[in-house]
Amino acid sequence: MDIKTVLAGLFLALAIPLVEAATIYKTVDDNGNIVFTDSQPSDQPGETIDLRPLTAIPSVPTSKPIPAPVTVPRKKQYSRFIISQPGNNVTLRNQETITVKLAVSPRVQFGHSVRLRLNGALVAESRRQLTFELKEVDRGSHTLTAEIIDSRQQVIESTSNNIFVHRTIFTPEVSIDPPRFTPPDVRILPSR
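Residues numbered from 1 in each chain as written. Predicted model: local features only at pLDDT ≥ 70, side-chain atom pairs only at ≥ 80, totals over all residues. Heavy atoms only, no water.

(A) Seen up close, the overall build of the protein. From N to C terminus, the protein includes one helix and 11 strands. Element order for the protein, N to C, with α for helix and β for strand: α-β-β-β-β-β-β-β-β-β-β-β. Long-range contacts, defined as pairs at least 24 residues apart, comprise 53% of the intrachain contacts of the protein with a sequence gap of at least 6. For the protein, the exposed area adds up to about 15,900 Å²; of that, 55% sits on carbon and sulfur atoms. (Helix = DSSP H or I, 4+ residues; strand = E, 2+ residues; numbered from the N terminus. Contact = heavy atoms within 4.5 Å. Areas by Shrake-Rupley, 256 points an atom, 1.4 Å probe, with all protein chains shown as cover.)

Set out below in structure tokens:
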């Protein structure tokens, strides 16, 4: 937005109350510029400008805002819930099976279950077990998410760790019996 537009808008905003209460005069100065003013010039004749009446537009009635639903924060049922193994941002190399261990305090309550997700996909669920085995996880970065759920399948607690799985794809052949070093023929000459 340029300065001329801002000034014109400001002028109009200030002039609208004046329009209702005063007469507007149009004059031309010595340089040929048209000047609008609310006082009749004394040194030169001014033309009275007849303005159209302002159109009043009623404001749109406002409705009462809909109150946001009140959510009562649930009491935290577990003081500690973490993925203790593998740690967050850990690199796992050439492991066929990845052991995932969870730590929860207090113990998993009656009616609750623990489930494990790998990149959002459900891979295991148990009522009391806190150790899971993941087999043949593809290489790359993955997100492990552990959740405690209630009997209605609602998530009560959740925790996540990122892991990086590396697998050796190419192993060069290694000779078990390397060739033996054979020195070149060397003759020792008698000294003179």
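(B) Spotlight on the sheet that holds strand β5 (residues 90–93). Taken together, five strands build an open sheet; the order of strands is β5-β11-β10-β7-β8 and the sheet is mixed. The open sheet is flanked by β5 and β8 (121–126), the only strands paired with a single partner. The average angle at which neighbouring strand axes cross in this sheet is 30°, direction not considered. When β5 meets strand β11 (residues 155–166), the two strands line up parallel, connected through four bridges. In the strand pairing of β11, valine 90 is matched with isoleucine 163. (Pairing = 2+ DSSP bridges. Axes fitted to C-alpha atoms, helices over the stretch in contact; angles between N-to-C directions.)

(C) Examining the sheet that holds strand β4 (residues 80–85) more closely. Spatial strand order, β4-β6-β9: three strands in an open sheet with antiparallel pairing. Two strands in the sheet have a free side with no partner beyond their single neighbour: β4 and β9 (131–135). Strand after strand, the sheet turns through a mean of 25° between neighbouring axes, direction not considered. In the sheet, strand β6 (residues 97–105) pairs with β9 via five bridges, with the strands oriented antiparallel. The partner of threonine 97 across the bridge, within β9, is lysine 135.

(D) View of the nonpolar core. Formed by 22 residues in total, the largest nonpolar core has its most connected members in Ile98, Val100, Leu102, Leu116, Phe132, Leu134 and Leu144. Those elements giving two or more residues to this core turn out to be β4, β6, β7 (113–118), β9, β10 (140–149) and β11. Per element, the largest residue contribution to this core is four residues, and it comes from β6. In this view, leucine 102 contacts Phe81, Ile82, Ile83, Ser84, Val114, Leu130, Phe132 and Ala146; residues no more than four positions away in its chain are not counted. (Core = buried A, V, L, I, M, F, W, Y, C linked by side-chain atoms within 4.5 Å. Buried < 20%, exposed > 50% of the residue type's maximum accessible area, 1.4 Å probe, protein only.)

(E) Expanded view of unusual backbone geometry. Following glutamine 85, the chain continues to proline 86 via a peptide bond in cis, the omega torsion being -5°. Structurally, proline 86 can be placed in the loop between β4 and β5. Omega for the bond connecting serine 105 with proline 106 falls within 30 degrees of zero, at -10°, which places this linkage in the cis form. In this model, glutamate 136 sits at a positive phi of 50°, which is unusual for a non-glycine residue. Locating glutamate 136 in the fold gives a position in the loop between β9 and β10. With a phi angle near 65°, glutamine 153 is a residue other than glycine that sits in the positive phi range. Of note, glutamine 153 is situated in the loop between β10 and β11. Classification of glutamine 153 as partly exposed rests on a relative accessible area of 44%.

(F) Looking closely at the environment of proline 86. Among the residues examined, proline 86 registers a relative accessible area of 6% and is labelled buried. With 77 residues separating them in the primary sequence, proline 86 and isoleucine 163 have C-alpha atoms 7.5 Å apart. Ignoring any residue separated from it by four or fewer positions in sequence, one finds proline 86 in contact with Leu92, Ile98, Thr99, Val100, Leu144, Asn161 and Ile163.

(G) Representation of the confidence of the model for the protein in the model. For the protein, mean pLDDT is 77; residues scoring 70 or higher make up 72% of the total. Considering each helix and strand of the protein separately, the mean pLDDT is smallest for helix α1 (residues 3–21), with a value of 59, and largest for β7, with 89. (pLDDT = per-residue confidence, 0-100.)

(H) Fine view of the pattern of salt bridges. This structure, assessed with the given rule, holds three salt bridges. A salt bridge links glutamate 147 to arginine 115; the shortest N-O distance between them is 2.6 Å. Of this pair, glutamate 147 sits in strand β10 while arginine 115 sits in strand β7, and the two are 32 residues apart along the sequence. On the basis of relative accessible area, arginine 115 is assigned to the buried category, the value being 10%. The residue arginine 152 makes a salt bridge to aspartate 150 at a minimum N-O spacing of 3.3 Å. Look at aspartate 150 and you get buried, because its relative accessible area is 10%. Sharing partners across several salt bridges, the network here consists of Arg115, Arg117 and Glu147. (Salt bridge = Lys/Arg side-chain N within 4 Å of Asp/Glu carboxyl O.)

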